[in-house]
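What follows is the residue order along each chain.
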Amino acid sequence: MVDKMILALFMPALLVLLFSRVTYNQFLGVILTVALIAASAYKGYTHTWELIVIDAFSITAGLWMANRMMKRLKVKLN
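In what follows, the accompanying structure is described. (Residues numbered from 1 in each chain as written. Predicted model: local features only at pLDDT ≥ 70, side-chain atom pairs only at ≥ 80, totals over all residues. Heavy atoms only, no water.)

## As for a positive patch on the surface
Part 1: There is a patch of like positive charges on the surface, built from Arg 21, Arg 68, Arg 72 and Lys 76.
Part 2: Top element by residues in the positive patch is helix α3 (residues 49-77). It accounts for 3 residues.
Part 3: For Lys 76, the location among the structural elements is in helix α3.
Part 4: Overall, Lys 76 belongs to the exposed group, its relative accessible area being 72%. (Patch = residues over 30% accessible without salt bridge, like charges linked within 9 Å, V, L, I, M, F, W, Y side chains within 5 Å. Areas by Shrake-Rupley, 256 points an atom, 1.4 Å probe, with all protein chains shown as cover. Salt bridge = Lys/Arg side-chain N within 4 Å of Asp/Glu carboxyl O. Lys, Arg positive; Asp, Glu negative; His and termini not counted. Charge placed at Lys NZ, Arg CZ, Asp CG, Glu CD. Helix = DSSP H or I, 4+ residues; strand = E, 2+ residues; numbered from the N terminus. Buried < 20%, exposed > 50% of the residue type's maximum accessible area, 1.4 Å probe, protein only.)

## Comments concerning the environment of Thr 48
Part 1: With respect to the secondary-structure elements, Thr 48 resides in the loop between α2 (26-43) and α3.
Part 2: When its relative accessible area of 22% is taken as the criterion, Thr 48 is described as partly exposed.

## Looking at the side chain of Asp 55
Part 1: Its place among the elements puts Asp 55 in helix α3.
Part 2: Notably, Asp 55 is buried but unbridged: the nearest opposite-charge side chain belongs to Lys 4, and the N-O separation is 10 Å.

## Remarks on α3
Part 1: Taking 1.5 Å per residue as the helical rise, α3 with its 29 residues ought to reach 42 Å, and the 42 Å between its terminal C-alpha atoms agrees with that figure.
Part 2: Within α3, the full set of buried residues consists of Leu 51, Ile 54, Asp 55, Ser 58, Ile 59, Gly 62, Ala 66, Met 70 and Leu 73.
Part 3: Taken together, the buried residues of α3 touch α1 (2-23) and α2. (Expected span 1.5 Å × (residues − 1). Contact = heavy atoms within 4.5 Å.)

What follows is the structure, given as structure tokens:
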């Protein structure tokens with residue numbers, strides 16, 4: 001159970017960053033990450049509300065980091 005909590009803390013944020021970098025749109029990265037987490041919850045891999053809350057926190061942190069990353073990319077390009 002602890003391993004699922006650790007993964008729930010880091011993986012959604014990393015997925016948001018990855019999808020934001022690939023699509024150049026941080027909101028699309030969040031949507032794709034939420035879709036993956038919803039699919040895993042539908043299949044039964046997310047068992048408790050604590051994991052869902054940790055996932056939501058991680059997605060929020062990932063969105064914050066993606067916004068910072070996109071601002072840096074725009075500054076470098078200009």
